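So you can see what is in the structure, the chains are spelled out below.
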Amino acid sequence: MVANRRKLETAEHSPTARRILNAAGRCFQAEGIAKVTIVDISKAAKYSRPIIYRHFGGKDDIVDHLCLDEMQIIQSKLNEIMPREMGFTQRLVEIITQAVILSLESPYIQVFMQNRKAWLRSQTAGSDVHSWVKKRWQAYLAYGQRHGMLAADLEIEEAVNWIAMSQSMLLMRFEGQELVEADIRRLVSRFVVRPLVG
């Protein structure tokens, strides 16, 4: 790991790092994550490989940064559109439904989902992406658990894993199809949220 590698928690990047990420994103969308190399990213960003490695630990690090940047954009959009006056269960359904819809509309999330290695890494407990997802869900799920709205026999980590896995399955299920929000909401309510609530 590079000593001055930026933490994945932040969406703030230096102009050089941002240029590298933008170039990598274009490469990944054009060729797919698996086919793109650091050399390709270096050429697209017009920086040498040592400059790339000064800012990122490698291609996986770049992939994770791009994924988290996109997830932060989706999180910001969710914060803007989610009404506050919903009950716990209804809000949980709506957050997951809207997150799936926004992710289906994101070209980068689609490229990320098509790369099995990147997707598996993101689902692994302790990975940077999984840690970010867990951090975003933890307080809300703990609130539900404290107030008897989340099933008492569930650990927060289990609930986060279930939500993340379910969102991934829904993204695969609806990829390339015309979005029918009511269908996604029904599946989220019945098969994702119902098993979580007490």
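Below, the discussion takes up helix α10 (residues 181-193). Of the positions making up α10, those classed as buried are I184, L187, V188, V192 and V193. Among the structural elements, α5 (88-104) and α9 (156-174) are those in contact with the buried residues of α10.

Before going further, it helps to spend a moment on the environment of V180. Inspection of the secondary structure puts V180 in the loop between α9 and α10. Its relative accessible area of 35% is what places V180 among the partly exposed residues. With 79 residues separating them along the chain, V180 and I101 place their C-alpha atoms 9.3 Å apart.

Looking at where S166 falls in the secondary structure, it is placed in helix α9. Take S166: its relative accessible area is 2%, and that puts it in the buried class. Along the chain, S166 and A24 lie 142 residues apart, while their C-alpha atoms are 28 Å from each other.

In terms of nonpolar packing, the biggest core is built from 63 residues, with F28, I41, I62, L92, I96, W137 and L141 touching the most fellow members. For this core, the element with the highest residue contribution is α5, accounting for 10 residues. Apart from the residues within four sequence positions on either side, F28 is in contact with I33, V36, I41, K59, I62, V63, L66, Y108 and V111.

What follows is about the packing of helix α4 (residues 59-81) against helix α7 (residues 116-123). Packing of α4 against α7 brings their axes to within 11 Å, and their N-to-C directions diverge by 70°. One element, α4, and the other, α7, form an angle in the roughly perpendicular class. Both α4 and α7 take part in a crossing whose hand is right-handed. Residues D60, V63 and D64 of α4 lie in contact with α7, whose contacting residues are K117, A118 and R121. Tallied by class, the residues present in the contact of α4 with α7 amount to 2 nonpolar, no polar and 4 charged.

Cut-offs used in this document
- Residues numbered from 1 in each chain as written.
- Predicted model: local features only at pLDDT ≥ 70, side-chain atom pairs only at ≥ 80, totals over all residues.
- Heavy atoms only, no water.
- Buried < 20%, exposed > 50% of the residue type's maximum accessible area, 1.4 Å probe, protein only.
- Helix = DSSP H or I, 4+ residues; strand = E, 2+ residues; numbered from the N terminus.
- Contact = heavy atoms within 4.5 Å.
- Core = buried A, V, L, I, M, F, W, Y, C linked by side-chain atoms within 4.5 Å.
- Axes fitted to C-alpha atoms, helices over the stretch in contact; angles between N-to-C directions.
- Parallel < 35°, antiparallel > 145°, perpendicular 65-115°, else oblique.
- Left-handed = near helix turned anticlockwise from the far one by under 90°.
- Nonpolar A, V, L, I, M, F, W, Y, C, P; charged D, E, K, R; others polar.

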